[in-house]
Amino acid sequence: MRTSAVALCLAPLLVVMSSPPSGAQEVESVAGCITTNPVAQCIQDAISAVVTQGGGIVFVPAGTHELDELVWIWGPGVHLMGEGAGRTTLRAKDNTTFDSFAGARGAIAIGGIIASDLADVSVTGLTLDMNHAGNANSDHDGIVVAYTVDGLRISELEVKNVPRSAVRFLDSGSSKTRDRVQVSKNVFSEVGFRGVEVVRARRIRISDNQLSNTGETAIRVASTVDAIISRNAVDRSAPPQSTFQGSAVAGDLVHIGSGVEGLVVQGNHLLGGLDELVPSGNGVGWNRQAAVKPDRVSILDNMIGKTWGLGIDVPPNAVVVGNMIRDSFGWGIRVQNPFAHTDFGSIQISSNTIINPNHNNFPEPSHVGCLGIQLSNKSAFASTIDNLLIANNICQQQLTTPQFTTGALINAEDNDQIGVLSVTGNQLVDGVAPGIYWEGLTIGALRVRNNIVPVADGYRGTVALINGVADVTVAWPAHPQAHAMISRTVSAGTPGALSAEYNPATANLMIRSTSATDLSTVAWEFVGTAD
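A brief report on the enclosed structure follows. (Residues numbered from 1 in each chain as written. Predicted model: local features only at pLDDT ≥ 70, side-chain atom pairs only at ≥ 80, totals over all residues. Heavy atoms only, no water.)

**Concerning the pattern of salt bridges**
Counted under the stated rule, the structure contains 20 salt bridges. The salt bridge involving E197 is made with R194; its shortest N-O contact spans 2.7 Å. The pair formed by E197 and R194 is uniform in burial state, with each residue classed as buried. Close ionic contact of E216 with R194 constitutes a salt bridge, the shortest N to O distance being 3.0 Å. Taken together, the positions of E216 in the loop between β18 (210-214) and β19 (217-230) and R194 in strand β17 (residues 194-207) put the pair 22 residues apart, joining distant regions of the chain. We classify R194 as buried; its relative accessible area is 12%. What you see here is one network of salt bridges that share partners, running through D141, R164, R168, R194, E197, E216 and R220. (Salt bridge = Lys/Arg side-chain N within 4 Å of Asp/Glu carboxyl O. Buried < 20%, exposed > 50% of the residue type's maximum accessible area, 1.4 Å probe, protein only. Helix = DSSP H or I, 4+ residues; strand = E, 2+ residues; numbered from the N terminus.)

**Some points on unusual backbone geometry**
Notably, D208 is not glycine yet its phi reads approximately 60°, a positive angle. Within the secondary structure, D208 sits in the loop between β17 and β18. What makes D208 buried here is its relative accessible area of 14%. Despite not being glycine, D226 has its phi angle at roughly 60°, a positive value. Secondary-structure assignment places D226 in strand β19. Judged by relative accessible area, which is 39%, D226 ranks as partly exposed.

See the structure below:
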């Protein structure tokens, strides 16, 4: 497993104890029982005892203990605890098929008896080794959570060699939700499908985990309210074993599913497997076919590198600020609607740094260009964005012999409709792309100001205000007499002559350049008004 410097900084604090914890809670140790009985039976009996006592700690001493049956936390107030990951190990016995729990199979199940509610439950201080090499079952999860749980902590664990998901929350229906959930300071490795999969929960924190060699997706949330995914280190540079379920699936490193409302993705280190040709999808992506689109999503201060797909695929009503995206094969940041949802609401994309997008270590070196931020609609339906701010972003190429074939600092095309678009203070560094390019847009109000875009020799500014910009259509359907104020300053070179043409039949204002003269670094401003 590759360990990055950031991963070391985020290394979970694994608690080590040599004896059961003391305190007011009842403690049931299985130390004596496991000398003559199967460990799963001993743990299950201890769980029943602490539930009868009104809650307490089930303590598993150091050592490697083989599990041949499901461990089920079925009552409230149960805290399953070991002496620390690496010291207390529960290992799936060879050729074991765990019992089904709520339609899934796992070594540890959390959920009330006859679907009753649970409260105040935790699993801490263990290594859970699902022993995929010794078990042919491809559908086994590590920890399975079902039904209603209020107050759940899964922390300071090591979960490894899992055929399916390390921690999996099941969708038990809209009436069964999880509240106050914490999945933190764990190490998940060699996971065939998903590292952490949380569904139907509110007030969730997934933080300070290390996830490596995961299959389809490292972290996924769906049908959640008020969730935080923070300070996790994900390394997808090597796949899990080839026999795992999701070993060759290009899933997102962090995936936002249907029905997510109020999500913060902040301070994560997300490393894909582009150099090693390991499928890794997007750094942060969302389900564009979701029945219920995400709402109120903030993607902040993440470090994303070497993704097979995009750095960030922006969901509706999102804020994308302060991210570092490096060496992605696709666009650094993209707003795209190829499927069900056409209304993106308001989006802010600002203060992001994008380095070497369209990274040419991938064996298609002809695709070289600064693929910074893209707005693209690939479906038959036009995307509608009420307000879009693209500000203070930097796109930089650091290729030895850069060449332009496609791409831009900002690219917008197809049938998008934008109410208010502001593009200010962005910079393309050492690039040979069109800079800012759009065509086919309908824009209600537009401001483009103080962007710095160098132009390579021989590449010409063809139409509109800066190099490589196609026709800009500004629609003023409510104002038959529109006018525009155009001001610009030029730091080098000579811009083409500008013209503004108003078409009263279509209520569109066309801004274009009449010259094919090369443009150099241009800082310019266009303010459309409809008096």
